[in-house]
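# Observations on the three-dimensional arrangement
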Amino acid sequence: MKQILTQELLVSLTADIPSISPKFFYDGVGSHLFDVIMLLEEYYPTRMEKLIMDTYQRDTANAVAHCDVLVDLGAGNCIKGSQLFNSIKPKQYRALDISKEYLEAAVADLQKQFPQIEMSAHAVDLSLPLAFPDLQALRKVFFYPGSSIGNFDPEKVDQFFTNLAHECHGNGGLLIGVDLVKDTKTLHLAYNDPLGVTAAFNLNALLNVNRLIGSNFQLQDWEHYAFFNASQSRIEMHLRARSDVQVILPGNGSQDHAISFSAGDLIHTENSYKYTQEQFVEKLRLAGFADIQCWTDPNQYFLVCFAKV
Ligand code: AVI
């Protein structure tokens, strides 16, 4: 595993546009930092999504109609998924996330509160195709809240939606939340909070990489840099070198790899795409979802859709 990750990082860090995959954000510390981000005043997506879900709870439950299995994609602390239990009444809850220990603890806690729901936790990388052969005959509701879909490149979104539409096997749908395009100031603040939690979340990826592969990134050499790229309709997060730095990736038995960065060089860590409602609905339709219902907040900051096959 260590060797595979080292190879992956060696390739991504020495590419024309050096990058670290956003999956490296989510170790134990990173997952907790993200929980704090969601509490921040500036990070409106969580609040807006909750407002929409609360306001239209009955409508979303009616749209979902019946649910054998709630498949929570990117479940995290499982709070959002569990908030649907009373309205859509799933018989099974299947929680998926990249961070295994964190997810297992959250599901174990939840199981105590809802003993009647059959629950399971699965460590899954959502960038790979998903398959649920054991759930084929059941009505599935895929749940993907929090605009996590915004972290996929648009072409990846198309593949992901097509995969999910197929995995519904003609019975079920996708309940999804996505961040909408809005004024640049609001977007900028959401990813540059004055408390510096988003900066810590971004920098923590370096600590996680050090822990996983034994590299020697020093936090004081890097700073958080996030801005809205209007032409791509996305927030870009980067880590910017504060001075000239050299980072060593251990060679695991062969020679170590030294990578040099000059002051001001960037490591791209995340894109967070923002859509218009029309663009997003069109993507769902093209992927094979036939019936799409949407709800939004009064400022139209955020969008929740239930897309049925
Ligand atoms: C997980 N994802 C939806 C967050 C976002 O807004 O793109 C990750 C994040 N990055 C910085 N702040 C939050």
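Heads up: these notes are all about the structure in this document. (Residues numbered from 1 in each chain as written. Predicted model: local features only at pLDDT ≥ 70, side-chain atom pairs only at ≥ 80, totals over all residues. Heavy atoms only, no water.)

## A few points about the packing of aromatic side chains
The relative placement of two aromatic rings is captured by the distance of their centres and the angle of their planes. Inspection of every chain in the model, using the stated rule, returns 20 aromatic pairs. Relative to phenylalanine 142, the ring of phenylalanine 132 has its centre 5.4 Å away and its plane inclined at 50°; by these criteria the two rings are tilted. Here phenylalanine 132 is found in the loop between β3 (118–123) and β4 (140–144), whereas its partner phenylalanine 142 is found in strand β4, with 10 residues between them in sequence. The buried category is assigned to phenylalanine 142, whose relative accessible area is 0%. Through a chain of ring-to-ring contacts, three or more aromatic side chains come together here, namely Phe25, Tyr26, Phe34, Tyr43, Tyr191 and Phe201. For lysine 182, the ring lying beneath its charged end belongs to tyrosine 301, and the centroid distance is 5.2 Å. Seen from the ring of tyrosine 225, arginine 240 lies directly overhead, with NZ or CZ sitting 4.3 Å from the centre. (Phe/Tyr/Trp six-rings, centres within 6.5 Å; stacked < 30°, edge-to-face > 60°. Helix = DSSP H or I, 4+ residues; strand = E, 2+ residues; numbered from the N terminus. Buried < 20%, exposed > 50% of the residue type's maximum accessible area, 1.4 Å probe, protein only. Lys NZ or Arg CZ within 6 Å of the ring centre and 35° of its normal.)

## Concerning the side chain of serine 31
Considering the arrangement of structural elements, one finds serine 31 in helix α2 (residues 28–37). Sequence-distant contacts of serine 31, that is, excluding residues within four places in its chain, are made with Phe25, Tyr26, Ser99 and Tyr102. (Contact = heavy atoms within 4.5 Å.)

## Re the site of the ligand
Taken together, 14 residues are adjacent to the ligand, and Tyr43, Asn151, Tyr191, Glu270 and Ser272 come closest. About the coverage of the ligand: the protein hides 97% of its 340 Å² of free accessible area. Of all the elements in the fold, those that place two or more residues in the shell around the ligand are α2, α10 (197–213) and β10 (266–273). Residues belonging to the shell around the ligand are distributed by class as follows: 7 nonpolar, 6 polar and 1 charged. (Near = heavy atom within 4 Å. Areas by Shrake-Rupley, 256 points an atom, 1.4 Å probe, with all protein chains shown as cover. Nonpolar A, V, L, I, M, F, W, Y, C, P; charged D, E, K, R; others polar.)

## Considering the pairing of β10
In terms of residue burial, β10 counts as a mostly covered element, since 7 of its 8 residues are buried. As paired strands, strand β7 (residues 234–241) and β10 are joined by 7 bridges and run antiparallel to one another. The residue bridging isoleucine 235 from the neighbouring strand is serine 272, located in β10. (Pairing = 2+ DSSP bridges.)

## A closer look at the sheet that holds β10
Sheets are built from strands paired through backbone hydrogen bonds, the pairs being either parallel or antiparallel. Spatial strand order, β6-β7-β10: 3 strands in an open sheet with antiparallel pairing. At either margin of the open sheet sits one strand with a lone partner, and together these are β6 (222–229) and β10. Strand after strand, the sheet turns through a mean of 20° between neighbouring axes, direction not considered. (Axes fitted to C-alpha atoms, helices over the stretch in contact; angles between N-to-C directions.)

## Regarding unusual backbone geometry
The phi dihedral of histidine 169 falls on the positive side, at around 50°, and the residue is not glycine. Following the sequence through the fold, histidine 169 ends up in the loop between α8 (154–167) and β5 (172–179). Histidine 169 gets classed as partly exposed once you look at its relative accessible area, which sits at 30%. Positive phi, close to 55°, is recorded for glutamine 300, a residue that is not glycine. Within the secondary structure, glutamine 300 sits in the loop between β11 (291–296) and β12 (302–308). Looking at glutamine 300, the relative accessible area reads 49%, which means it is partly exposed.

## With respect to the sheet that holds strand β2 (residues 92–97)
Strand order across the open sheet formed by 7 strands is β3-β2-β1-β4-β5-β12-β11, with mixed pairing between neighbours. Both outer strands of the open sheet, β3 and β11, are each paired with one neighbouring strand and no more. On average, each strand axis in the sheet is tilted by 15° relative to the strand beside it, whichever way the strands run. Against the sheet, α8 engages β1 (69–73), β4 and β5, with an angle of about 155° to β4.

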